[in-house]
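Single-letter residue listing:
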Amino acid sequence: TLQGQPLELDAVIAGAGFSGIYILHRLRDELKLNVKILEAGPDIGGTWYWNTYPGARVDCPAPVYAFGIEEVWKNWTWSELYPEQKELGAYFRHVDDVLSVRKDCIFNARITAGHFNPIDGKWTVQTENGITVVAKYFVPAIGFTAQQYVPDWKGLEDFQGTIHHTSTWPQEPVDVRGKRVAVIGTGSTGLQITQEWAKDAAETFVFQRTPNLALPMCQQKLDEHSQRQMRDETADLFDRSRKTSGGLPYESPARKFAEFSPDEIAKILEGLYESGGFRYWAGGYIDLLLNPEGNRAAYDYWAKRTRERIHDPVKRDLLAPLEPPHPFGTKRPSLEQDYYEQFNKPNVHLVNTKAYPIVQLTPQGIMTDDGNIYEVDIIALATGFDATTGGLAKMGIRDVNGVELGERWRDGVLSFQGLMVPGFPNMFLPYSIHAPTPFSNGPVGIEFQADFIRDIIKKIEGEKIKFIDPRPEAAQAWKTEMEFIANMTLFPKTKSWYMGANIPGKKAELLYYFGGIPRYRERCVEAFNVFSETFILC
Ligand code: NA7
């Protein structure tokens, strides 16, 4: 059995989502290494396996929210421009048919310990259920949603109805017809659930602390004709996406806000808003996320359009206030279909938890600071994630001196270009901290990282290097560069999970790279070209 002798491999990957599968493919099929994925869940799909909450769908468009590998996309058709979670499940089954993923996955294997031995240059990784793997390379590919966040409200255990965090939603549907339901949180997840539940439940209570500056999705059902057209354009769409900052096939703006007249700005904003998706966030001018005035113009136009859709003046001021709650786009906007219209129904209520925070749960419902108790039957905790670092800190990964990764990062995250951490040799982190993901279309962002990791490993193998460890100076330089870029933007002004600022007690700091995919790629190539200046080689 797997619980007996340690399993000896070339590389061990944690997680069978997009990034784990990409890396498996690159290392196993291209470098011919002996590789396995340890997956905590019972199937592939990563975040798309776990997030089965009602209304879950992707908000990056088909066909580029997918593997850019031709053998995979050439025989796959999407039914909608923004597919739902179930369709992504079917897609992962297709990926398995083409790339044979499952045969190299060990499921229900949650990693609880990992350490590197510099003597033999190998990682030993252990799982909760007693599996031990020894491998030269270790690739925690766990994404940013591996650790859910639930506020420590009193009474959570006492609530007598049904309550689930959205990322551990039961696989079978929860029927809300005739029920009173509550959605806590209005990020992408809370918004998607609200859009579904408000159509079926008897009463819906949405607990909002910060409004989501949500953009129209402009969802499209794809008929045979548009599917054929999409397939013909797929190679080109991927190509274009790889060249943009956010990994989406939208034209990058070339001019600044100040170079346009107010009339031109109004036209640009209208055009982007009407065409839907993240085009509005990608911006009609290059300095949307840099220039407060240009940002405010985008906010005001968004607020005007959104306010027109909400009848009740109190709800209108809460959902789309005249004064921006934060600079537009510095928290991740979501894509909505008819979110705002739900609030025009008399049985859909908005609870302002900025004014009256939730203080506790009671057996019957949710109590806010003004003493109100909202009695409900079902609660969705759409309160988000201890993004990226929270999941990594839970894996028991230790550096060469035995210090845990979470401990090492307690006073600040340090990494070499978001891919390696000094003191953790031969450990690679795709789709992790300090990289353009998740502030970009994930699969496109990961593809390049997977290629880069493959190239590094190919070099290590080719030159018979035992292990590499990024130089602390290289990591420090990356931090300085990341901060320099972020400080030109409006992002640091907003408390968001991008800034590690959504979890009480977590160190607020820049967690991701805002320089975009093309610049990130260039920096990786440059670092590779001066390999021994970047890494300590053993
Ligand atoms: P998010 O975007 O982190 O949203 C979490 C929401 O929960 C957000 O509205 C929070 O309000 C709210 N929240 C968190 N704690 C509380 C407390 N204590 N009281 C009231 N409200 C609270 O998570 P999602 O799951 O929606 O999305 C995560 C990403 O996954 C998403 O961006 C996609 O990329 C996929 P706040 O804004 O902090 O005031």
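Naming follows an unreviewed UniProt entry, where the chain appears as FAD/NAD(P)-binding domain-containing protein of Penicillium cataractarum. Note on the chain: under the UniProt heading Cofactor (unreviewed entry), the record states "FAD". Looking at the Sequence similarities (unreviewed entry) heading of the UniProt record, one finds this comment for the chain: "Belongs to the FAD-binding monooxygenase family."

**Student:** Where do I start with the environment of Gln5 in this structure?
**Tutor:** Secondary-structure assignment places Gln5 in the segment before β1 (7-14). On the basis of neighbour count, Gln5 is assigned to the exposed category, with 9 C-beta atoms found within 10 Å. Sequence-wise, Gln5 and Glu270 are 265 residues apart; in three dimensions their C-alpha atoms are separated by 63 Å.

**Student:** Help me out: how do you make sense of the site of the ligand in this one?
**Tutor:** Lining the immediate environment of the ligand, one finds 22 residues, of which Gly185, Gly187, Thr189, Arg209 and Gly384 sit closest. Ranked by residue count, the leading element in the shell around the ligand is helix α5 (residues 188-200), at three residues.

**Student:** Please explain the packing of helix α1 (residues 18-30) against helix α14 (residues 442-462) as it appears in this structure.
**Tutor:** Angle between the axes and distance between the axes are the two parameters that describe a pair of packed helices. Running from N to C, α1 and α14 cross one another at 35°; their axes reach a closest spacing of 9 Å. Regarding α1 and α14, the two cross each other, and that crossing is right-handed. Each of Phe18, Ser19, Tyr22, Ile23, Arg26, Leu27 and Glu30 in α1 lies in contact with α14, whose residues at this interface are Gly442, Pro443, Ile446, Glu447, Ala450, Asp451, Ile453, Arg454 and Ile457. Here the residues of the contact of α1 with α14 are counted per class, giving nine nonpolar, two polar and five charged.

**Student:** Where do I start with the pairing of strand β16 (residues 378-381) in this structure?
**Tutor:** Successive side chains on a regular strand alternate, one facing one side of the sheet and the next facing the other. In terms of strand pairing, strand β7 (residues 162-165) meets β16 through four bridges, oriented parallel. Note on β16: the bridge partner recorded for Thr162 is Ile378. Bridging between strand β8 (residues 180-184) and β16 involves four bridges; their strand directions are parallel. The residue bridging Val183 from the neighbouring strand is Ala380, located in β16.

**Student:** Could you clarify how one ought to interpret the UniProt feature "domain: FAD/NAD(P)-binding" (unreviewed entry) in the chain in this entry?
**Tutor:** Mapped onto this numbering, the UniProt entry gives "domain: FAD/NAD(P)-binding" (unreviewed entry) at residues 10-233. The span residues 10-233 is 26% helical and 22% strand by assignment, and the distance between its end C-alpha atoms comes to 37 Å.

**Student:** Just checking my understanding: could you explain the packing of α14 against helix α16 (residues 517-529) for this structure?
**Tutor:** Where α14 contacts α16, the two axes come as close as 11 Å, and the packing angle between them is 5°. Of the possible angle classes, the one that applies to α14 and α16 is roughly parallel. Note on element contacts: α16 touches α14 through Ile517, Arg521, Cys524 and Phe528, opposite Val444, Gly445, Phe448, Phe452 and Asp455. Residues belonging to the contact of α14 with α16 are distributed by class as follows: six nonpolar, one polar and two charged.

**Student:** I'm lost on the environment of Leu222 in this one. Help?
**Tutor:** Its place among the elements puts Leu222 in the loop between β10 (215-216) and α6 (224-242). Beyond its immediate sequence surroundings of up to four residues, Leu222 is in contact with Trp78, Ser79, Glu80, Leu81, Gln227 and Met230.

**Student:** Can you walk me through the pairing of strand β9 (residues 203-208) in this structure?
**Tutor:** Burial analysis of β9 places six of its six residues in the buried class, which makes it a mostly covered element. Judged by which residues are buried, β9 turns out to be covered on both faces: Glu203, Phe205 and Phe207 on one side and Thr204, Val206 and Gln208 on the other are all buried. As judged from the five bridges shared by β8 and β9, these two strands associate in the parallel manner. Looking at the pairing, Val181 lines up with Thr204 of β9. With α5 bridging β8 and its parallel neighbour β9, the resulting β-α-β unit is right-handed.

**Student:** Please clarify how the sheet that holds strand β13 (residues 358-361) should be interpreted in this entry.
**Tutor:** Where strands meet in a sheet, backbone hydrogen bonds hold them as pairs that are either parallel or antiparallel. If you trace the three strands from one edge of the open sheet to the other, you get β13-β14-β15, paired in antiparallel fashion. Looking at which strands have only one partner, the edges of the open sheet turn out to be β13 and β15 (373-375). The sheet shows a mean angle of 25° between the axes of neighbouring strands, taken without regard to direction. Bridging between β13 and strand β14 (residues 365-368) involves three bridges; their strand directions are antiparallel.

**Student:** What exactly am I supposed to notice about the nonpolar core here?
**Tutor:** Most often, soluble globular proteins have nonpolar side chains that are buried together. By size, the foremost hydrophobic cluster in this structure holds 160 residues, and its most contacted members are Ala11, Val12, Ile13, Ile23, Val139, Ala182 and Val183. When residues of this core are assigned to their parent elements, the largest contribution, nine residues, is made by α14. Those residues within four positions of Val183 in sequence are excluded, and the remaining contacts are Gly190, Ile193, Thr194, Trp197, Val206, Phe207, Ala380 and Ala382.

**Student:** Would you take a moment to explain the sheet that holds strand β6 (residues 132-140) for this structure?
**Tutor:** One open sheet accounts for seven strands, arranged β3-β2-β1-β6-β5-β4-β17; its pairing is mixed. With partners counted over all chains shown, the strands left at the sheet margins are β3 (105-106) and β17 (397-398), one partner each. Direction of pairing for strand β5 (residues 122-127) relative to β6: antiparallel, over a ladder of four bridges. Looking across to β6, one finds that Val125 is bridged to Val133.

**Student:** It is not clear to me how helix α9 (residues 292-307) should be interpreted in this structure. Could you clarify?
**Tutor:** Residues spaced three or four apart along an α-helix point in a common direction, a consequence of the helix completing one turn every 3.6 residues. With 16 residues, α9 extends 22 Å between its outermost C-alpha atoms, agreeing within 8% with the 22 Å of an ideal straight helix rising 1.5 Å per residue. Among the residues of α9, those classed as buried are Gly294, Asn295, Ala297, Ala298, Tyr299, Trp302, Ala303 and Thr306.

**Student:** Quick question: what am I supposed to make of the confidence of the model for the chain here?
**Tutor:** Low-pLDDT stretches of the model should not have their predicted coordinates read in fine detail. In this model, the chain carries a mean pLDDT of 97, and residues with pLDDT of at least 70 account for 100%. The ipTM value of the predicted complex is 0.99, and its pTM value is 0.97.

**Student:** Got a minute to help me understand the environment of Thr306 in this structure?
**Tutor:** Note that Thr306 resides in helix α9. Along the primary structure Thr306 and Phe531 are separated by 225 residues, whereas in three dimensions their C-alpha atoms are 51 Å apart.

Definitions and cut-offs
Residues numbered from 1 in each chain as written. Predicted model: local features only at pLDDT ≥ 70, side-chain atom pairs only at ≥ 80, totals over all residues. UniProt positions renumbered as here; feature names shortened; annotations may be inferred. Helix = DSSP H or I, 4+ residues; strand = E, 2+ residues; numbered from the N terminus. Buried ≥ 20, exposed ≤ 12 C-beta atoms within 10 Å, placed from the backbone. Near = placed C-beta within 6 Å. Axes fitted to C-alpha atoms, helices over the stretch in contact; angles between N-to-C directions. Left-handed = near helix turned anticlockwise from the far one by under 90°. Contact = placed C-beta atoms within 7 Å. Nonpolar A, V, L, I, M, F, W, Y, C, P; charged D, E, K, R; others polar. Pairing = 2+ DSSP bridges. Parallel < 35°, antiparallel > 145°, perpendicular 65-115°, else oblique. Right-handed = clockwise from strand over helix to strand, strands pointing away. Core = buried A, V, L, I, M, F, W, Y, C linked by C-beta atoms within 7 Å. Expected span 1.5 Å × (residues − 1). pLDDT = per-residue confidence, 0-100.

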